[in-house]
Amino acid sequence: MNIFHIKKQLKRRWRRWRRAIWTIGACSLVAIMAWLGMPLSDQMENLMTNEPIAMETWGKLQEAAPEAAEDDWLTELKRTDRTRIVHLNKIYTCGAESSVLGIMRPDEIAALMKAHPEWEGRLGAGGDVWIDERINGLSETCSKQGYIGIDKDGNLTLFDGPPKKEKVIRTFFQLDVEMMESALPADVLKQLQQGIRIQDVEEYNSVLSTFSDFALEQTEKVMQQNEEQ
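Residues numbered from 1 in each chain as written. Predicted model: local features only at pLDDT ≥ 70, side-chain atom pairs only at ≥ 80, totals over all residues. Heavy atoms only, no water.

Under an unreviewed UniProt entry, the chain has the name Bypass of forespore C C-terminal domain-containing protein and belongs to Paenibacillus oralis.

Pasting the structure below:
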């Protein structure tokens with residue numbers, strides 16, 4: 001194992017330890033404030049939501065507060081007291097699907113959101129209600145014909161079908177093609193060009209993790225660090 005891989009493993013371990021320390025400390029602080037009946041200050045909330053390692057735990061920390069304020073969009077919904085077209089976006093780990101739930105009154109929408117606290121809602125510019133449901137899994141499109149490959153501009157991309165059809169679902173990041181050509185076997189590069197078939201979430205995450213090491217932004221950071229040493 002070369003020094004580059006050793007450093008990368010040490011950095012990943014440090015990030016995991018830092019995440020654990022931050023989470024434990026933040027949870028303890030919020031728990032104490034909730035027990036004392038003290039509201040979270042605006043400064044504290046901004047710190048939590050702007051700190052990258054706290055983003056994924058902020059939702060849980062908010063649950064520790066005495067009472068959460070009702071979402072502004074639901075308040076506006078009740079104030080106007082008019083029926084709305086409600087759309088549901090199912091956002092999968094890989095892919096997305098949209099459907100119309102129907103036309104609902106404000107009280108029906110509020111009841112729906114209460115029944116599904118994990119959903120995120122908002123009012124669209126045209127007055128429709130848009131609800132996002134996040135699902136750990138593959139959409140039907142990804143499950144049947146999802147491929148991860150490289151597009152003509154050198155971006156790691158999710159395709160509907162093989163890359164040659166150019167039916168782009170999502171673009172992830174630009175790849176350092178020269179670095180890949182020097183570091184990876186020719187058959188791996190050929191497979192990427194032809195498209196890697198995605199059949200489950202584990203494979204999807206594995207492919208992204210593998211090629212994230214060759215993200216152009218990441219390689220530029222590594223080169224800069226090497227120059228500074």
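**Considerations on the sheet that holds strand 4 (residues 129-138)**
Selection criterion: Criterion used throughout: strands pair if DSSP finds at least two bridges between them. Counting from the N terminus, the helices are the DSSP runs of H or I reaching at least four residues and the strands are the DSSP runs of E reaching at least two. Structural elements are reduced to axes, namely lines fitted to C-alpha atoms, with helices fitted over the stretch in contact, and the angle between N-to-C directions of any two is expressed from 0 to 180 degrees. The contact definition used throughout considers only heavy atoms, calling two residues in contact when any of these lie within 4.5 Å.
Spatially, 2-1-4-3 is the arrangement adopted by the four strands of the open sheet, whose pairing is mixed. The strands lining the two open edges of the sheet, one partner per strand, are strand 2 (96-104) and strand 3 (120-123). This sheet shows a mean twist of 25° between the axes of neighbouring strands, independent of strand direction. Of the pairings in the sheet, the one linking strand 3 to strand 4 comprises four bridges and is antiparallel in character. Note on strand 4: the bridge partner recorded for Gly121 is Ile131. Together, strand 1 (84-94), strand 3 and strand 4 form the strand contacts of helix 4 (residues 72-80), whose direction differs from that of strand 3 by roughly 50°. Relative to the sheet, helix 9 (residues 201-212) contacts strand 1 and strand 4, its axis offset from that of strand 1 by approximately 70°.

**What to know about the packing of aromatic side chains**
Operational definition: Only Phe, Tyr and Trp rings are paired, with Trp represented by its six-membered ring, and only when their centres lie within 6.5 Å; those with planes under 30 degrees apart are stacked, over 60 edge-to-face, the remainder tilted. Classification of residues uses two cut-offs on accessible area relative to the type maximum, computed with a 1.4 Å probe and protein chains only: under 20% is buried, over 50% is exposed, and between them is partly exposed. Two limits define a charge over a ring: the Lys NZ or Arg CZ must be within 6 Å of the ring centre, and within 35 degrees of the ring normal.
With the rule as written, the count across this model stands at one aromatic pair. Centre to centre, the rings of Phe172 and Tyr204 are 6.2 Å apart; their planes meet at 65°, and the pair counts as edge-to-face. Here the residue Phe172 occupies a position in strand 7 (residues 168-174), and Tyr204 occupies one in helix 9, the gap between them amounting to 32 residues. The pair formed by Phe172 and Tyr204 is uniform in burial state, with each residue classed as buried. A cation over an aromatic ring shows up here: Arg197 above the ring of Tyr147, its NZ or CZ 5.7 Å from the ring centre.

**Let's talk about helix 9**
Rules: What a helix should span is 1.5 Å times the count of its residues minus one. Of all possible arcs, the one meant is that of the directions from the helix axis to the C-beta atoms. Two N or O atoms count as a polar contact when they lie within 3.5 Å, although within protein this holds only if one can serve as hydrogen donor and the other as acceptor, and sequence-adjacent residues are included solely when both atoms are side-chain atoms.
Along its twelve residues, helix 9 runs 16 Å from first to last C-alpha, staying within 8% of the 16 Å computed at 1.5 Å per residue. What helix 9 keeps buried is the set Val201, Tyr204, Val207, Leu208 and Phe211. What you see down the axis of helix 9 is that its buried residues fit within an arc of 135°, all on one side. Two to three positions downstream of the cap, the backbone nitrogen of Glu202 sits 3.3 Å from a side-chain oxygen, assigning the N-cap of helix 9 to Asp200.

**Looking at the state of the cysteines**
This is how the line gets drawn: When two cysteine sulfur atoms are found within 2.5 Å, that pair is recorded as a disulfide.
Within this structure, the stated rule accounts for one disulfide. Two residues share a disulfide in this structure: Cys94 and Cys142, whose sulfurs sit 2.2 Å from each other. An S-S torsion of about -75° defines the bridge between Cys94 and Cys142 as left-handed. Here the residue Cys94 occupies a position in strand 1, and Cys142 occupies one in helix 6 (residues 140-145), the gap between them amounting to 48 residues. Cys142 sits in the buried class, given a relative accessible area of 0%.

**Examining the confidence of the model for the chain**
Selection rule: Confidence of the predictor at the level of single residues is captured by pLDDT, which takes values from 0 to 100.
Looking at the chain, pLDDT values average 76 and 64% of them are 70 or higher. When the criterion is pLDDT under 50, residues 219-229 qualifies, and its contacts beyond four places in sequence or with other chains add up to seven contacts.

**Quick word on a nonpolar patch on the surface**
In plain terms, the rule: Patch definition: residues above 30% relative accessible area lacking any salt bridge, with like charges linked at up to 9 Å and the nonpolar side chains Val, Leu, Ile, Met, Phe, Trp and Tyr linked at up to 5 Å. Accessible areas in this description were obtained via Shrake-Rupley with a 1.4 Å probe; residue shielding takes into account the shown protein chains only. We define a salt bridge as a contact between a side-chain nitrogen of Lys or Arg and a carboxyl oxygen of Asp or Glu at a distance within 4 Å.
A surface patch of nonpolar side chains, amounting to about 290 Å² of accessible area, comprises Ile85, Val100 and Ile103. Structurally, Ile85 can be placed in strand 1.

**Section: the nonpolar core**
Quick reminder of the rule: Put simply, buried Ala, Val, Leu, Ile, Met, Phe, Trp, Tyr and Cys residues joined by side-chain atoms within 4.5 Å make one nonpolar core.
Membership of the largest hydrophobic core comes to 21 residues, with the highest contact counts inside it found for Ile148, Leu156, Leu175, Met180, Leu192 and Phe211. Those elements giving two or more residues to this core turn out to be strand 5 (146-150), strand 6 (155-160), helix 8 (186-194) and helix 9. Looking at this core element by element, the count peaks at five residues for helix 9. Once residues within four sequence positions are removed from consideration, Leu192 is found in contact with Ile148, Gly149, Ile150, Leu156, Leu175, Met180 and Phe211. Of all hydrophobic cores here, the second largest spans twelve residues; its members include Leu77, Val86, Met104 and Ile109.

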